[in-house]
Amino acid sequence: RKHKSKREAWKRRSFFVIKSPHATRSCSSMNSIPVIDISPLVQLDKSGDDGQNEQLKDVVDQISHACETYGFFAVTNHGVDPNIITSAWDESKGFFDLDQAIKKSVPMSRDYPYGYETHESLGIERSTAAAARTDESSILQPDPKETFSIGPLDYEKSGMPSRKWQKDAPATFAPALTQYFSVMENLARILFRGLALALQLDDASWFLNEGRFDEGHQCALRILNYPPLEYEEEEGSQKIHIRAGAHTDYGAMTLLKSGGPGLQLQLSSSKTNGEVSNDGSSSWIDVPHLSDAFIVNLGDLMQRWTNDRWKSTLHRVIAVADDDGSDKNDNSIRVVQSTRRQSIAFFVNMTGNANIVPFDSCVDDEHPSQYDAVKASDYLIQRHAQSMGDASKEV
């Protein structure tokens, strides 16, 4: 059943935008994503307030504008215990330092979509239209990274495989990731309320209720390690070295903790702060690294729900040079080094049976429905198969 939301005019309020100090040669250094203090949303979660105070309304307006314009925003004052973050971070680093034989003892496969893997090719599995938007100067190659993932704790309700752990990994590894997974579940619930208010749905808990999330969600936690890179390039070269190919995320949203710069998003037609570039081209925007924030980006299912009103934005990870003091030889070729990069991504997925169909409020004569109804699990399975190299799967 389609949900009817209140048909009020969407408000537009100013929001705080910061500039990334790590702008790259291919990016616009004039714009970046909104940074939103969500403490009023955290308080709403704790108090059960009706959400009508001005501070909360301002946060909701900022989220609405960010979702419509960028599909990305950063959140601060999110209420997550920094000790839990640090523990998961340190354990993740230690895990990737283990022998390959230990890490590979729990591999990702078609039957187990979690575990350890090194062969994901996010940029290669993109559609022809998306691939056409990739810079010609980019060096396209399989993503040079390694990952380890776990699924929901309640495998019976979620219908997903039970978690597997490397038996020779440190005893502290599994508890640290399990605790981090739990606090990310709670942060997702807080943000879902903000998204529901931004869409002016009748119930702030709409995304959580009626079997959409709380009764068996299929969220996944992934830790990522991008090894250090060393490459040669000519002075003044405009080539971009890809660490993770351009892609969109599959689910409702993603909550990211990154360890450094390199993440970029692509704005089609350079729509930034409501403006369009003179040449109508698209641009890559640096996502800032903020040590006390989480990066939130919308996924494909949220774009389908909102009938393209909100963005599931193409993004990638590039190599960022450590400094400008790289060695040069007599032919003006310099050796560039890019340090190891680490991140932790929490993919917020709905229950498998959640029906994803555009909201009535997002469909009208000027904006006809762009999507047929799809079950959340069917969409995730199709997209995962594509990322593992099965091009026969169509969404």
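Above: the structure in question.
Here's a quick rundown of the structure. Each chain carries its own residue numbering, running from 1 in the direction its sequence is written. Only residues with pLDDT of 70 or above have their local features reported here, since the model is predicted, and side-chain atom pairs are shown and tallied only from 80 upward, although totals for entire chains, interfaces and linings are computed over all residues. Only hydrogens and water are set aside when side-chain values are computed; all heavy atoms of the structure are taken into account.

What to know about unusual backbone geometry
- Phi angles above zero are rare outside glycine, and Asn 307 is one such case at about 55°.
- Along the chain, the position of Asn 307 falls in the loop between helix H8 (300-305) and strand E14 (315-318).
- At Asp 308, a residue that is not glycine, the phi angle is positive and equals roughly 75°.
- Helix and strand definitions follow DSSP, with helices as H or I runs of at least four residues and strands as E runs of at least two, each counted in order from the N terminus. You can see Asp 308 is positioned in the loop between H8 and E14.
- Residue classification places Asp 308 among the partly exposed residues on the basis of a relative accessible area of 28%. Three exposure classes are used, based on accessible area relative to the maximum for each residue type with a 1.4 Å probe and protein chains only: buried under 20%, partly exposed in between, and exposed over 50%.

Things to note about the sheet that holds strand E7 (residues 220-226)
- In short, DSSP must find at least two bridges between two strands for them to pair. Pairing is mixed in the open sheet, where eight strands are placed in the order E2-E3-E13-E10-E17-E7-E6-E4. Taken across any chain shown, the strands that pair with only one partner, and hence form the sheet edges, are strand E2 (35-37) and strand E4 (115-117). Direction aside, neighbouring strands of the sheet carry axes that sit 25° apart on average.
- Two strands pair when backbone bridges link them, and strand E3 (residues 72-76) and strand E13 (residues 294-298) are joined in this way by four bridges, in the antiparallel orientation. Paired with Val 75 across the bridge in E13 is Phe 294.
- By the convention used here, residues are in contact when the closest approach between their heavy atoms is within 4.5 Å. Only the contacting stretch of a helix is used when fitting its axis, a line to C-alpha atoms as for every element, and angles between N-to-C directions run 0 to 180 degrees. Along the sheet, helix H7 (residues 173-198) makes contact with E3, strand E6 (146-150), E7, strand E10 (253-258), E13 and strand E17 (341-348), crossing E10 at roughly 130°.

Comments concerning the packing of aromatic side chains
- To pair, rings of Phe, Tyr and Trp, with the six-membered ring standing in for Trp, must have centres within 6.5 Å; the planes then decide the type, stacked if under 30 degrees apart, edge-to-face if over 60, and tilted in the middle. Using the criterion set out here, one finds 17 aromatic pairs in the structure.
- Here the aromatic rings of Phe 95 and Phe 148 are separated by 5.1 Å at their centres, their planes lie at 45°, and the arrangement is tilted. Placement of the pair is Phe 95 in helix H3 (residues 82-96) and Phe 148 in strand E6, with a sequence separation of 53 residues. In this structure, Phe 95 and Phe 148 share a single accessibility class: buried.
- Judged by centre distance (5.3 Å) and plane angle (65°), the ring pair of Phe 192 and Phe 213 falls under edge-to-face. Taken together, the residues Phe 192 in helix H7 and Phe 213 in the loop between H7 and E7 connect sequence positions 21 residues apart. The exposure classification of Phe 192 matches that of Phe 213, with both residues buried.
- Aromatic ring contacts, followed pair by pair, group Phe 95, Phe 96, Tyr 116, Phe 148, Trp 165 and Phe 173 into a single cluster.
- Cation over ring: Lys 257 sits above Phe 294, and NZ or CZ is 4.6 Å from the ring centre. The criterion for a charge sitting over a ring is simple: Lys NZ or Arg CZ within 6 Å of the ring centre, and within 35 degrees of the ring normal.

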